[in-house]
Amino acid sequence: MSTQYQDPTKAARFANTVIRWLAESGISIAGTRALRVRGRKTGQLRGVVVNLLVADGAEYLVSPRGNTQWARNVRAAGVVETGPRWRRRRATVTEVADDDKPEILRRYLARWYWQVKDYVGGVTPESGDDELRAAGAQIPVFALTTTD
């Protein structure tokens with residue numbers, strides 16, 4: 001299991017707060033979505049903004065910063081809500097095996113590399129499967145299945 005975690009800077013936390021507020025209001029910036037998940041310790045709903053990858057009709061959550069609090073909560077809860085306040089969708093999550101991550105990570109990086117390049121262990125959208133598989137061991141990826 002990945003123990004890597006890159007803590008966001010104060011500026012990144014502030015930007016994430018603003019972008020999360022916009023996402024919860026239904027305004028997406030570069031594919032952002034509001035994510036709500038139950039905290040594994042408190043049981044309270046926690047909100048975060050994520051980049052939701054849609055590939056071949058499937059939806060994926062990728063945690064480029066590693067084993068973040070939200071990734072640990074998703075893993076523990078097994079269920080998340082995505083979308084704006086008035087149109088949240090409930091989905092179950094399944095963690096993707098490391099061997100299945102390369103193509104998902106390649107597509108994620110093709111879309112958001114400019115945003116996450118400092119957190120993904122030096123891989124790029126052009127990296128080979130072996131490089132993506134090695135980096136993928138430190139990057140949690142979850143597949144979503146809508147339950148509503």
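In the annotation of an unreviewed UniProt entry, the protein chain is listed under the name Nitroreductase family deazaflavin-dependent oxidoreductase and assigned to Mycobacterium paragordonae.

A few words now on the overall build of the protein chain. From N to C terminus, the protein chain includes 4 helices and 6 strands. Going from N to C terminus, the protein chain has its helices and strands arranged as α-β-β-β-α-β-β-α-α-β. Looking at the 148 residues of the protein chain, the share that counts as buried comes to 43%. Sequence-distant contacts in the protein chain: of pairs separated by 6 or more residues, those separated by 24 or more amount to 65%.

Within this structure, the stated rule accounts for 2 aromatic pairs. Ring plane angle 55° and centroid distance 6.5 Å describe the contact between Trp70 and Phe142, whose orientation is recorded as tilted. Here the residue Trp70 occupies a position in helix α2 (residues 69–77), and Phe142 occupies one in strand β6 (residues 141–146), the gap between them amounting to 72 residues. Here Trp70 and Phe142 have matching classes, each one buried. Measuring from ring centre to ring centre gives 4.9 Å for Tyr108 and Trp112, while their planes differ by 50°; the resulting arrangement is tilted. Of the two residues, Tyr108 and Trp112 both sit in helix α3 (residues 101–116), 4 residues apart, roughly one turn of that helix. By relative accessible area, which is 2% here, Tyr108 ends up buried. Sitting above the plane of the Tyr119 ring, Arg65 keeps its charged end 3.9 Å from the centroid.

What follows deals with unusual backbone geometry. Positive phi, normally seen in glycine, also occurs at Asp56, with a value near 55°. For Asp56, the position within the fold is in the loop between β2 (45–55) and β3 (58–62). Among the residues examined, Asp56 registers a relative accessible area of 70% and is labelled exposed.

In this structure, Leu53, Tyr60, Val62, Ile104, Ile139 and Val141 are the most contacted members of the largest nonpolar core, which totals 18 residues. At the level of secondary structure, the elements contributing two or more residues to this core comprise β2, β3, α3 and α4 (129–136). Ranked by residues supplied to this core, first place goes to α3 with 6 residues. Once you skip the residues sitting within four places of it in the chain, Ile139 turns out to touch Val62, Ser63, Pro64, Lys101, Leu105 and Val120. Judged by nonpolar contacts, the second largest core, of 13 residues, contains Leu35, Val37, Leu61 and Leu144.

Looking now at the pairing of strand β4 (residues 79–82). Side chains Val80 and Thr82 of β4 all project onto a buried face; the interleaved residues Val79 and Glu81 project onto a face where none is buried. As paired strands, strand β1 (residues 32–38) and β4 are joined by 2 bridges and run antiparallel to one another. Within β4, the position partnered with Arg36 by the bridge is Glu81.

For the rest of this paragraph, the subject is α2. Every buried residue of α2 is accounted for by Trp70, Ala71, Asn73 and Val74. In an axial view of α2, the angular spread of the buried residues amounts to 160°, which keeps them on one side of the axis. Taken together, the buried residues of α2 touch β1, β2, β3, β4, β5 (89–95) and β6. Trailing α2 by a residue or two, Gly78 shows a phi angle of about 75°, which is positive.

What counts, and at which threshold
- Residues numbered from 1 in each chain as written.
- Predicted model: local features only at pLDDT ≥ 70, side-chain atom pairs only at ≥ 80, totals over all residues.
- Heavy atoms only, no water.
- Helix = DSSP H or I, 4+ residues; strand = E, 2+ residues; numbered from the N terminus.
- Buried < 20%, exposed > 50% of the residue type's maximum accessible area, 1.4 Å probe, protein only.
- Contact = heavy atoms within 4.5 Å.
- Phe/Tyr/Trp six-rings, centres within 6.5 Å; stacked < 30°, edge-to-face > 60°.
- Lys NZ or Arg CZ within 6 Å of the ring centre and 35° of its normal.
- Core = buried A, V, L, I, M, F, W, Y, C linked by side-chain atoms within 4.5 Å.
- Pairing = 2+ DSSP bridges.
- Arc of directions from axis to C-beta.

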